[in-house]
Each structure stands twice: as C-alpha cells, then as structure tokens.
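Single-letter residue listing:
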Amino acid sequence: MSKIKILDLQKIKEKNKAEFELKKDGYRARVVVHMGTCGVASGATNILTTLLNEISNIRLKDVNVIPSGCAGLCAYEPMITIETVDQPPVKYVDLNEEKTKEVFKEHIMGGKPVKKYALVSGNEATY
Amino acid sequence: MERFRAYAMLCAGIGCIEKGAMKVKEALESELKKWGLHEEIYVVPTGCDGFCGEGPVLSFYPDAVFYSIPSVEDVPKLVEEHFLKGRVYHKLTIPGPYHKTDIPSMNDVPFFRYQALRVLRNRGLIDPEKIEDYITRDGYLGLAKALTRMIPEEIVKVVADSGLRGRGGAGFPTGKKWELGLKIKSDLKFVVCNGDEGDPGAFMDRSVMEADPHAVIEGMIICGVATQSHKGYIYVRAEYPMAVRRLQKAIDQCYEAGLLGSNIFDTGFDFDLEIYQGAGAFVCGEATALMRSIEGKRGMPRPKLWRSAVKGLWDKPTVLNNVETFANIPQIVLNGSEWYRSLGTEKSAGTKVFALTGAIKNVGLIEVPMDTTLRTIIYDIGSGIKKKGRKFKAVQLGGPSGGCIPEDYLNIFVTYEDIEKSGAIVGSGGMVVMDDSNCMVSTAKFFLDFTADESCGKCVPCRIGTKLMLDILTDICKGQGKEGDIETLKDLSEDIISTSLCGLGQSAPNPVLSTLRYFKNEYEMHIRDKWCVTGVCRDLCTFYIDESLCKGCGACVRACPSKAIIGEKKKPHMIIQDNCVQCRSCWDTCKFNSIKILPLSARKAGEAEIAAMAAALTEIPAERELVEVTR
Ligand SMILES: Cc1cc2nc3c(=O)[nH]c(=O)nc-3n(C[C@H](O)[C@H](O)[C@H](O)COP(=O)(O)O)c2cc1C
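So, how was this worked out
Residues numbered from 1 in each chain as written. Chains lettered and ligands numbered in written order. Predicted model: local features only at pLDDT ≥ 70, side-chain atom pairs only at ≥ 80, totals over all residues. Heavy atoms only, no water. Helix = DSSP H or I, 4+ residues; strand = E, 2+ residues; numbered from the N terminus. Rg over C-alpha atoms; globule rule 2.2 N^0.38 Å. Buried < 20%, exposed > 50% of the residue type's maximum accessible area, 1.4 Å probe, protein only. Contact = heavy atoms within 4.5 Å. Areas by Shrake-Rupley, 256 points an atom, 1.4 Å probe, with all protein chains shown as cover. Near = heavy atom within 4 Å. Polar contact = N/O pair within 3.5 Å; in protein donor to acceptor, adjacent residues only side chain to side chain. Buried area = accessible area lost by both parts, 1.4 Å probe. Salt bridge = Lys/Arg side-chain N within 4 Å of Asp/Glu carboxyl O. Nonpolar A, V, L, I, M, F, W, Y, C, P; charged D, E, K, R; others polar. Domains from an automatic or database assignment. Phe/Tyr/Trp six-rings, centres within 6.5 Å; stacked < 30°, edge-to-face > 60°. Lys NZ or Arg CZ within 6 Å of the ring centre and 35° of its normal.

Q: How do you make sense of the overall build of chain B when you look at a structure like this?
A: Looking only at helices and strands, chain B features 23 helices and 19 strands. In terms of overall size, chain B behaves like a compact globule, its C-alpha atoms giving a radius of gyration of 28 Å where 631 residues would be expected to give roughly 25 Å. Principal-axis analysis of the C-alpha atoms gives chain B an extent of 85 × 65 × 40 Å. For chain B, buried positions account for 58% of its 631 residues. Sequence-distant contacts in chain B: of pairs separated by 6 or more residues, those separated by 24 or more amount to 70%.

Shown next as structure tokens:
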C-alpha cells in the first residue's frame with residue numbers, strides 16, 4: 001500500500017465497501033468466522049477450513065469469508081455470522097464440522113437460515 | 001428516569017447507523033423540541049430488530065408502529081403526523097418484526113439487548129488484519145481530524161469534557177493526565193499503552209487488541225498529537241501471542257500506509273510505535289513497574305514522588321493509559337464529548353467493557369453503559385447461574401485488588417462511585433460470578449495466594465504481610481484457625497494498605513476485607529465450628545446422606561472416586577466416613593439434595609447428634625454490614 005492521504009480515507013472506504021457490499025451480482029453472502037483466542041481454542045480454525053473447502057469444492061465465487069475477532073459469547077464458540085443479500089445477519093453458535101456443512105448448504109446455498117443452530121439475527125447496537 | 005408518554009426507539013445497529021440513524025436522532029430531537037414534545041417523548045437508541053435492509057428504522061412504543069426513515073427530510077412530516085395529529089404516517093411504515101424471520105432478534109436476546117458497543121464497535125465485523133476494513137468503519141478519521149482541524153489543547157479538552165476515566169483500574173480522568181502531559185516541556189516524551197492485563201479472570205484488553213488492533217493504535221497516535229509526543233510503546237504480555245501478532249501486523253500496515261513514521265498525513269507530525277513484550281508478572285501492570293520493565297530493568301514500582309506524566313519512562317514525561325482507554329479515543333475525537341456523555345452517569349460517563357466469567361451461563365465479553373445495574377449484567381446479559389439448583393452468592397470485581405459484592409447490592413450501577421461504596425472496585429473489568437458452592441474464605445485465600453506470589457518483594461509489608469495473611473487463611477481452611485484470627489487479619493490488612501508503596505500492596509488485602517464485611521460468619525464457622533458449609537475446605541466438613549431424601553438412584557455411588565458410598569438400589573444410601581475423601585463429587589451429582597455437608601465433628605458423632613446437626617443446617621444467614629448506596 002502506498003502512503004495514504006486524508007482524502008484517500010474516504011476513497012478506501014468507498015472502494016472497500018463497494019467491493020464487499022452484498023448484492024445480487026457481486027458477493028451474495030458474507031460469512032464471518034469469529035476467531036479470537038476463545039474461538040480458535042474451541043475449533044474456529046476447523047470451521048474456517050470447512051467453509052473454505054465447501055466453497056472451493058463447488059468453485060463458488062460470490063461468497064466472502066472473513067476471519068474476525070470474538071463476538072462476545074465466548075461460552076458458545078465456535079461461532080459464525082452469515083449475512084445474505086436482503087436478510088439481516090444471523091449468528092450461529094456451538095458449531096462443529098457437520099453443523100457448519102448443514103448451515104452452508106441450507107443458509108448460504110438455499111437462502112434459508114437454520115433455526116436450530118441460530119442464536120440471534122440482526123446487528124449489535126453501537127451508539 | 002422520568003416518565004414519558006411515548007418512546008421513539010431508534011435502531012442503533014451498525015446497519016442503521018451506517019445509513020444515518022444518528023442524523024435521524026438529531027433531527028427527531030430538534031423537531032420534538034420545536035413542538036415542545038421533548039419532555040413527553042423520549043428518543044432511545046436500541047438494539048437491532050433485523051430490518052437492516054430498510055434502515056434507519058424507528059419504532060414507537062407503546063403504539064408499536066415501525067417506520068423506515070430513509071432521509072432526515074421526512075422527520076418533520078413524521079412528527080407532525082404521528083405525534084401532533086396522532087395518526088400513523090403510512091408513507092413510511094414497514095411491517096412489524098413478526099413478518100420477518102423466526103430467529104430471535106437482538107432485542108429478543110438479553111445478552112445483546114442491554115449492550116452498547118463503542119470500544120467493541122468493530123468486534124466480529126471486520127478482519128482485524130486488514131487496515132482497509134478498519135478504515136471502512138471510519139478508522140483513522142479521528143486521527144485525521146485531530147491532525148488537521150484541532151490544536152493539541154482542543155484534543156485534550158474534548159477528552160477531558162467527555163468524562164472518560166482510565167479503564168485500567170484506578171479510574172483517573174484521562175483528560176487531566178493528558179493535560180499535564182501536554183503542559184510539560186521536554187525534548188522527548190512517550191506514550192505508553194498498558195496491555196499487561198494480569199488480573200485472573202480478565203480478558204477485555206486481550207479481546208480488544210485481537211479484534212480491533214487499529215483502534216488502540218489510532219488512540220495512541222492521537223494521544224501523541226495531543227501531548228506532542230513522537231514515540232509510543234505497547235506493553236503486552238507474551239502470553240497473548242494472537243494479540244501480539246495482530247498488533248504487529250497492524251503496526252506494519254500503518255508504517256506502510258504512512259500512518260506511522262514521519263510526516264503523517266503530510267502534516268509534518270511524526271510518530272513511531274513499537275511493541276514491548278512483558279513476561280507476564282502481575283506487578284508489571286503497575287505503571288511505574290511497567291516502565292522499568294520497558295527500560296530493561298527488573299519490573300518493580302518506584303515511589304510516586306512525581307507523576308509519570310512529568311517523569312516516566314527513562315525519566316521523560318510519559319502518558320500511560322490502558323488499552324480500553326486508548327480504544328475509546330478515536331470515537332470521542334470524531335463524535336465529540338457530548339456524544340460520549342450521552343451514555344453513563346455524570347461521574348462515570350460512557351461504556352465499560354467487562355469480562356463476564358465464573359458460574360454464569362453466558363461467559364463472555366460485554367460492553368454496557370456505566371449506568372447498567374449488576375443485576376442486569378448477571379441475570380439478563382449473563383442469563384443467570386449456570387448450574388441448575390445453584391444460587392447466586394457473590395460477584396467478584398476488580399480481581400486481586402477488588403472485592404466481592406453479594407446479592408443485596410445487585411441493584412447498584414457499575415459506576416466507579418457505586419461499586420466503590422460496596423467495597424469492591426470497577427478495576428479493569430473482570431467480573432467473576434460465584435454461586436453458593438463457593439467458600440468465601442477459600443476465595444479470599446485464592447487471591448492472597450496470588451498476590452503473595454506476585455508481590456515484587458520490594459516492600460516488607462507487602463512481601464511479608466501478604467504471606468502472613470495467606471498463612472492465617474490457610475490455617476483457617478485447614479481447621480487450625482484460632483480465636484483472634486479475624487482481628488489479626490484486619491490489623492495486618494490496615495498495615496499493609498497504609499505502608500505499601502504501590503497499588504499491589506495497597507489493595508492486596510481487599511479480597512479479605514470485603515469477604516469479611518459480607519461473609520464474616522463463614523469465617524467464624526470455619527474457626528469456631530470447624531465447619532465449611534460449602535464443603536470446599538476438605539478438612540472442615542463431613543458428607544452425610546439424609547435418608548429421608550435419598551431415593552437410592554445410585555448416581556453418587558458412580559460419582560464417588562473412593563468407593564465410600566454403599567447402599568442397595570432404591571434404598572437410602574450411606575457414606576462410610578473412613579473411606580470418604582471429601583471431594584464433594586456426590587454433593588455435586590445428587591439431584592435430590594439429599595447429601596448434607598456437616599461440620600468436621602460429625603465424622604465421629606452418633607446418629608442422634610448428626611440428626612441434630614442436619615436439622616440445624618437450615619439457611620445460614622450471612623452477617624452483613626449494610627451500606628447505603630445512594631446515587
Ligand atoms: C498491581 C497492579 C497491577 C495493574 N495492572 C494493570 C493492568 O494489567 N492493566 C492496566 O491497564 N492497568 C493496570 N494497573 C493500573 C496502572 O497502574 C495504571 O493506573 C493504568 O494502566 C493507567 O491507565 P488508565 O488511566 O488508562 O487506566 C495496575 C496497577 C497495579 C497497582
């Protein structure tokens with residue numbers, strides 16, 4: 001990255017946003033894998049690998065996978081958050097490989113959130 | 001709170017915020033004021049109901065109408081129609097949440113509902129290893145503002161006016177510290193971030209450094225601008241490898257992007273930053289010991305003849321703040337002090353991050369406005385005690401420097417004022433919940449064991465005093481307690497507090513004092529009756545099966561590691577005292593509450609005596625010193 005000027009901040013913001021914004025003809029879904037120490041300790045790395053494998057198996061190009069920090073509920077790790085076009089993000093908890101595969105198939109591919117593994121939908125309040 | 005006729009609940013989920021929810025809030029408030037309605041209708045930012053596609057979303061309570069407000073220009077008409085004319089403004093309504101998904105929304109789940117994220121605003125949203133993600137969430141805009149549109153005095157003023165207090169433990173006003181840091185003239189000044197986090201049960205700072213390292217870095221650079229300092233250190237314990245890695249990566253990215261180094265944003269301002277890894281000694285979290293450690297010396301506190309802001313690292317003026325304190329800064333500079341003060345109380349403004357652990361269901365990391373009660377945190381956010389049948393006993397705040405707060409005080413706010421009156425401290429934010437299977441004498445012993453071990457050894461009262469206290473507590477837990485021990489503990493506490501050099505010694509007796517204040521009779525029963533009612537102290541209890549309650553299910557027989565329980569199926573069981581090792585496994589397993597914990601003397605007592613002891617074993621009232629907590 002070259003040196004950033006103040007005016008670049010807005011440009012980076014817009015570019016990054018546009019690149020990763022969910023839309024029908026761009027990224028259709030975003031999967032956040034919560035990978036703080038707590039998440040990694042309870043197997044988040046495995047969940048990430050599972051997801052990436054599923055995605056590369058069918059050469060999916062429109063799903064964006066992001067490793068991120070702890071989502072706060074350390075007791076329910078590993079957790080992921082899935083957001084698809086037109087739907088609020090859904091947090092899945094206590095995952096393992098099988099559950100992740102099921103969620104991948106049903107929610108990301110089928111567009112139907114899997115209620116039994118889901119804890120909550122929506123965004124957290126920041127004010 | 002005053003009573004309002006109606007509430008306008010504005011979604012403050014990031015989806016809606018990004019789409020301008022806060023502008024809608026301002027417009028709404030000024031419009032309500034225009035009509036003189038601001039005392040009747042209250043605008044509250046709330047959690048997310050999941051209409052993220054249609055934000056900013058506003059709902060009215062008690063009317064239960066949902067509006068989507070794409071532009072602030074719609075606000076006057078909405079207020080006119082809805083509040084003045086009293087009719088629904090159909091142009092903007094959206095169907096209620098019932099029509100959405102069947103997965104609970106943020107407002108349905110107490111863990112999320114009561115939180116307000118500022119420090120943790122990017123948690124789980126961005127890739128902490130990508131600077132672009134941080135910038136997309138308005139990252140480094142605060143720094144840009146500080147460098148181009150503010151003079152150092154203004155930055156210090158906004159931080160002072162915000163009421164932000166140090167989140168590392170003592171709660172010292174951050175603005176005051178920075179003011180001094182700016183005033184002092186020196187060829188070299190330092191900014192130091194304290195990421196040592198040594199309290200047992202605390203993991204706030206680690207999570208912040210892991211989830212949002214750039215926020216800490218931006219806060220530090222802003223501090224550099226405000227105090228005219230050009231060099232910073234982040235002190236992190238080496239036991240936090242992921243935090244160290246992510247911070248290092250973030251620092252590298254900053255150098256590459258010109259956000260660290262020379263001539264930042266072409267303003268002529270230079271700032272360098274490096275990580276210093278500590279070896280994980282508790283005392284190195286103390287500001288002066290930490291600075292010695294960075295100097296390459298043994299981490300020991302020095303007398304506070306002058307403030308660190310005057311003479312700190314290498315005897316140069318140094319502003320040292322906690323990780324969470326710094327992570328608050330970019331948002332304060334960007335949004336102003338009024339914004340920061342919109343949450344919390346007068347003396348404790350804003351939000352605080354807590355690490356919620358122990359015997360609680362939702363172990364995790366939370367951030368709440370400081371005027372949240374302990375009860376909300378423990379029973380709503382934490383979802384109460386984890387183990388079925390167990391009851392809440394106390395919550396430990398502030399780690400080894402803090403104290404325990406019992407049930408009676410759960411209605412106090414987690415503000416510096418209220419918590420201090422209860423005998424504990426807010427500390428850095430570790431919150432360990434204990435249920436009624438915890439022995440308070442052992443809890444105090446645990447913390448003294450920790451401080452005696454971590455005392456750097458420089459001052460006699462701390463080095464020897466904590467050891468003496470630990471010896472007395474160990475004796476009490478082993479059944480060798482004597483009359484007068486409680487008084488000796490109190491005496492020693494006073495001496496250690498008043499004669500130790502640093503905060504470690506000055507606060508080390510707190511866990512003992514606070515348990516003595518609320519659970520004195522547990523100490524007395526340990527000493528006088530040789531009885532630990534929770535069965536934690538093995539030498540002070542006898543496990544006994546109440547035959548009238550035992551169903552003979554055999555669960556305890558299977559749980560017992562030393563084959564001490566006998567009995568036929570479906571008939572009352574019995575414990576062979578000679579085989580029992582007092583491990584408490586049977587008590588933990590029994591679903592019928594038939595295992596009773598009696599004093600040591602019951603081991604040799606006859607049937608009749610035991611029956612009498614068991615009968616006396618009703619609820620033990622805690623002898624508490626009642627304090628008025630007023631706000
Ligand atoms: C024994 C001891 C341990 C401490 N440990 C920490 C720590 O781990 N993290 C921290 O930020 N402050 C710790 N402090 C408090 C620091 O001395 C200092 O007050 C604080 O870092 C200042 O930052 P703040 O004003 O932002 O809170 C400790 C103090 C003592 C006496």
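Q: Whenever I open this one, the overall build of chain A confuses me. Can you help?
A: Each helix and strand counted, chain A has 4 helices and 5 strands in total. When the elements of chain A are put in sequence order from the N terminus, they spell out α-β-α-α-β-β-β-α-β. Computed over its C-alpha atoms, the radius of gyration of chain A comes to 15 Å, within 12% of the 14 Å expected for a compact globule of 127 residues. If one aligns the C-alpha atoms of chain A with their principal axes, the spans along those axes are about 45 × 30 × 30 Å. Put simply, chain A has 127 residues, and 53% of those count as buried. Within chain A, counting contacts between residues at least 6 apart in sequence, those at least 24 apart form 63% of the total. Accessible area for chain A stands at about 5,800 Å²; split by element, carbon and sulfur atoms hold 52% of it.

Q: Can you help me understand the site of the ligand in this one?
A: Residue and element names in this part refer to chain B. Taken together, 19 residues lie near the ligand, and Gly 168, Glu 197, Asn 321, Asn 322 and Thr 325 sit nearest. Measuring from an oxygen atom of the ligand, one finds a backbone N or O atom of Arg 167 at 3.3 Å. Interatomic distance of 3.0 Å between a side-chain N/O atom of Asn 194 and an oxygen atom of the ligand. For the ligand, the accessible surface in isolation is 610 Å², of which the surrounding protein chains cover 88%.

Q: Is there a simple way to explain the interface of chain B and chain A in this structure?
A: Interfaces are often sized by the amount of accessible area the parts lose when they come together. Each side of the interface is counted separately: chain B has 66 residues, and chain A has 46 residues. For the pair chain B and chain A, the two sides together bury roughly 4,800 Å², of which 62% comes from carbon and sulfur. In this assembly, chain B and chain A are joined by 4 salt bridges. One salt bridge in this structure joins Arg123(B) and Glu124(A), with 2.7 Å as the shortest N-O distance. The tally of links from chain B across to chain A stands at 23 residue pairs in polar contact (both at pLDDT 80 or more). Tallying contributions element by element places helix 5 (residues 131–136) of chain B first for the side of chain B that touches chain A, with 5 residues. Classifying every residue of the side of chain B that touches chain A by side-chain character gives 33 nonpolar, 17 polar and 16 charged.

Q: Mind showing me how you'd approach the side chain of Thr534(B) here?
A: Tracing the backbone shows Thr534(B) in the loop between helix 20 (510–529) and strand 16 (542–545). Given a relative accessible area of 4%, Thr534(B) falls into the buried group.

Q: I tried to follow the domain arrangement of chain B on my own but got confused; where do I start?
A: All names here are of chain B. Splitting chain B by domain gives domain 1 (6–110), domain 2 (131–341), domain 3 (351–435), domain 4 (440–529) and domain 5 (542–615). Computed from C-alpha atoms alone, the centre-to-centre distance between domain 3 and domain 4 is 23 Å. Each partner contributes to the interface: domain 3 provides 15 residues, whereas domain 4 provides 15 residues. Here domain 3 packs against domain 4, burying approximately 1,200 Å² in sum over the two surfaces, 64% of which is carbon and sulfur. Looking at the side of domain 3 facing domain 4, the largest losses of area belong to Lys 393, Pro 400 and Cys 404, adding up to 43% of the total buried there. Linking domain 3 to domain 4 there are 1 salt bridge. A salt bridge links Lys 393 to Glu 522; its shortest N-O distance comes to 2.8 Å. On the surface where domain 3 and domain 4 come into contact, there are 6 residue pairs in polar contact (both at pLDDT 80 or more). Elements with a contribution of two residues or more to the side of domain 3 that touches domain 4: strand 13 (392–397) and strand 14 (403–406). Of the residues in the side of domain 3 that touches domain 4, the class split is 6 nonpolar, 7 polar and 2 charged.

Q: What am I meant to see in the packing of aromatic side chains here?
A: For any two aromatic rings, the description comes down to two numbers: the centre-to-centre distance and the angle of the planes. Residues and elements named next belong to chain B. For the coordinates displayed, the defined rule picks out 16 aromatic pairs over all chains. Ring geometry for Tyr 379 versus Phe 392: centroids 6.3 Å apart, planes at 55°, classification tilted. Remark: Phe 392 occurs in strand 13 and Tyr 379 occurs in helix 14 (residues 374–381); sequence separation between them is 13 residues. Assessed through its relative accessible area of 8%, Phe 392 is described here as buried. Ring-pair connections join several aromatic residues into one group, and the members of that group are Phe 60, Tyr 67 and Phe 83. Seen from the ring of Phe 354, Lys 352 lies directly overhead, with NZ or CZ sitting 5.6 Å from the centre. Here the basic side chain of Lys 393 rests over the ring of Phe 519, its NZ or CZ set 5.8 Å away from the ring centre.

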